[in-house]
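Here are the chains, one letter per residue:
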Amino acid sequence: MTTIKANGANIPALGFGTYQLTGTLGTDMVATALNLGYRHIDTARMYGNEVEVGRGIATSGVPRDQVFLTTKIWPDEFGHDDFLRSAEQSTKNLGTAPDLLLLHWPSKSIPLDETMAALVEAQKRGFTRFIGVSNFTIPLLRMATELSPIPLVANQVEYHPYLSQDALLPFHRKLGIATVAHCPSARGKVMDDPVIKEIADAHGMNPIQVTLRWLIQQEDVGAIPRTSSEKNAKSNLKVLDFELTSEEMEKISTLRRTNYRICDFDFSPVWDAAA
Ligand SMILES: NC(=O)c1ccc[n+]([C@@H]2O[C@H](COP(=O)([O-])OP(=O)(O)OC[C@H]3O[C@@H](n4cnc5c(N)ncnc54)[C@H](OP(=O)(O)O)[C@@H]3O)[C@@H](O)[C@H]2O)c1
C-alpha cells in the first residue's frame, strides 16, 4: 500500500471512510475493508460508530499495528477538560487508542490555544499516537502549528475534481503534513462526469476509480472513500494498480474551476481563496 510520510507518521494513501456506516453494517464493512486490503480507517465521534469501527478492526483478524486508525472530536467538546474526556472516551469506544486524533472542524467560540493544548495533552496521555486537524484553512493551520510543540501530521479537507485546493496543498507540503481528501468522489457525483468518464473508459476503469487515482497520484495526498458495499470497496482498491498520464491528471484538474463544495455549513470558516 502506498503511504504518505508525514512528520513521523506513515499514512496509507487510500483509506476507508465510515460516515453513516453504523450498527452491524459499520462493523461488517470495516472488517470487510480490512480483509480486502485497506489499512487505513476513518471515523469520528460525530458518526456515532466508534464502537462498531473498533469491533470491525478486532474481528477482522488484521493485527492492530497494521491498521492506521483516525478519529475526530467535534467542536462542542473543544474546552480543555471536555476535550480530554472526549479523547479518552474515543479510546474506550474504539477499544484501542487511535493512530490519529483530529479536531473535526475549527471552533468559532472556543479559543484555538485552549484546544491545541488539550490535543497535545491527549497525545501525551496516550489517547492517540499523532495529532492533526480537519477543515482548517491556511491561517488556522498556521495558528495551530505555531501553538503545538509537536508536529501535526494531517489536515483532512474536502477535495475532489470540482473543488480547488491549490492554495492549501503547497502549504501542507511546506509543513510536511498530509492532505487527506474527504468526499473524494464528491459523494458519487463524478460518476456522471463526461471528462472523467472518457479517461476511465481508456483505462477500463470507472470514474470513481479514476478520481481516486487522480487524488492519490498527487504528492502527499490521500483519500478516504466510503462505501456500504463490498463490491464497491473492492473496485475502489484497484486505484492502486494503474496510473494516469500527466495530460489526464491535468485534464481532471481543470474541472476544479466550478469550486463546488459539499461540506459547507454556517459554522464553516472563511475558506481560502482558490489559488
Ligand atoms: N472531516 C470531515 O469533515 C468529513 C466530512 C465528510 C466526510 N468525511 C470522511 O470522508 C469519508 C468519505 O466521504 P463521504 O462518505 O462523505 O463521500 P464519498 O466517499 O465521496 O462518497 C460516498 C458515496 O460514494 C458511493 N460510492 C463509493 N464507491 C463507489 C463505487 N465504486 N461505485 C459507485 N458508488 C460508489 C457510495 O455509495 P455506496 O455505499 O452505494 O457504494 C456513497 O454514496 C466519510 O465516510 C468520512 O469518513 C469527513
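Residues numbered from 1 in each chain as written. Predicted model: local features only at pLDDT ≥ 70, side-chain atom pairs only at ≥ 80, totals over all residues. Heavy atoms only, no water.

Chemist: Which parts of the structure should I look at to understand the pairing of strand β9 (residues 178–182)?
Modeler: Residues in a regular strand project their side chains so that they alternate between the two faces of the sheet. The buried fraction of β9 is high, at five of five residues. What you see with β9 is no split at all: A178, V180 and H182 on one side and T179 and A181 on the other are buried throughout. Bridge analysis of strand β8 (residues 154–158) against β9 gives five bridges, and the strand direction is parallel. Pairing of A154 across the sheet is with A178, part of β9. Since β8 and β9 lie parallel, the crossover through helix α6 (residues 168–175) that links them has a hand, and here it is right-handed. As paired elements, β9 and strand β10 (residues 221–223) share three bridges and run parallel to each other. The residue bridging T179 from the neighbouring strand is V221, located in β10. (Buried < 20%, exposed > 50% of the residue type's maximum accessible area, 1.4 Å probe, protein only. Helix = DSSP H or I, 4+ residues; strand = E, 2+ residues; numbered from the N terminus. Pairing = 2+ DSSP bridges. Right-handed = clockwise from strand over helix to strand, strands pointing away.)

Chemist: Quick question: what am I supposed to make of the packing of helix α4 (residues 112–124) against helix α5 (residues 138–147) here?
Modeler: When two helices pack together, their arrangement is captured by the angle between the axes and the distance separating the axes. As a packed pair, α4 and α5 sit with axes 9 Å apart at the nearest point and diverge in direction by 50°. By the angle between their directions, the pair α4 and α5 is classed as oblique. The hand of the α4/α5 crossing is right-handed. Between α4 and α5, the residues in contact are L112, D113 and M116 and L140, M143, A144 and L147, respectively. Residues belonging to the contact of α4 with α5 are distributed by class as follows: six nonpolar, no polar and one charged. (Axes fitted to C-alpha atoms, helices over the stretch in contact; angles between N-to-C directions. Parallel < 35°, antiparallel > 145°, perpendicular 65-115°, else oblique. Left-handed = near helix turned anticlockwise from the far one by under 90°. Contact = heavy atoms within 4.5 Å. Nonpolar A, V, L, I, M, F, W, Y, C, P; charged D, E, K, R; others polar.)

Chemist: Can you walk me through the site of the ligand in this structure?
Modeler: In the vicinity of the ligand there are 28 residues, among which D42, R187, R226, T227 and S228 approach most closely. Within the contact set of the ligand, an oxygen atom lies 3.4 Å away from a side-chain nitrogen or oxygen of H104. Note that a nitrogen atom of the ligand is positioned 2.9 Å from one of the side-chain N or O atoms of S134. Protein chains bury 85% of the 900 Å² of accessible surface belonging to the ligand in isolation. Considering each element in turn, the shell around the ligand owes the most residues, three residues, to helix α9 (residues 230–237). (Near = heavy atom within 4 Å. Polar contact = N/O pair within 3.5 Å; in protein donor to acceptor, adjacent residues only side chain to side chain. Areas by Shrake-Rupley, 256 points an atom, 1.4 Å probe, with all protein chains shown as cover.)

Chemist: Could you clarify how one ought to interpret the sheet that holds β10 in this entry?
Modeler: What the eight strands build is an open sheet, ordered β3-β4-β5-β6-β7-β8-β9-β10; its pairing is parallel. Of all strands in the sheet, those with a lone pairing partner are β3 (16–17) and β10, marking the two edges. Across four bridges, the pairing between strand β5 (residues 68–73) and strand β6 (residues 100–103) is parallel. Counterpart to I73 in the pairing with β6 is L103. Across the sheet, α4 is in contact with β6 and β7 (130–134); its angle to β6 comes to roughly 170°.

Chemist: Explanation requested: the nonpolar core in the structure shown.
Modeler: Proteins that are soluble and globular tend to have nonpolar side chains buried together. Core analysis: the biggest nonpolar cluster contains 55 residues, and I11, F16, I41, V153, V210 and L244 have the highest contact counts within it. No other element matches the six residues that helix α8 (residues 207–216) contributes to this core. Those residues within four positions of L244 in sequence are excluded, and the remaining contacts are I199, H203, V210, R213, W214, Q217, M249 and I252. Core analysis: the second largest hydrophobic core is formed by 25 residues, L112, A118, I131 and V157 among them. (Core = buried A, V, L, I, M, F, W, Y, C linked by side-chain atoms within 4.5 Å.)

Chemist: I'm lost on the packing of helix α7 (residues 194–203) against α8 in this one. Help?
Modeler: Where α7 meets α8, the axes come as close as 8 Å, and the angle between the chain directions of the two elements is 95°. The angle between α7 and α8 places the two elements in the roughly perpendicular class. Between α7, through I196, K197, I199 and A200, and α8, the contact on the second element is made entirely by P207, V210 and T211. Considering only residue class, the contact of α7 with α8 consists of five nonpolar, one polar and one charged.

Chemist: For this particular structure, what's the right way to read the environment of S185?
Modeler: Within the secondary structure, S185 is located in the loop between β9 and α7. A C-alpha to C-alpha distance of 8.6 Å links S185 and P207, two positions 22 residues apart in sequence. Here S185 is in contact with V190, I208 and T211, once residues within four sequence places are set aside.

Chemist: Explain the pairing of β8 here, please?
Modeler: With five of five residues buried, β8 lies mostly within the body of the structure. Alternating positions in β8 separate into two faces, A154, Q156 and E158 on one and N155 and V157 on the other, with burial throughout. The pairing of β7 with β8 spans two bridges and is classified as parallel. The partner of V133 across the bridge, within β8, is N155.

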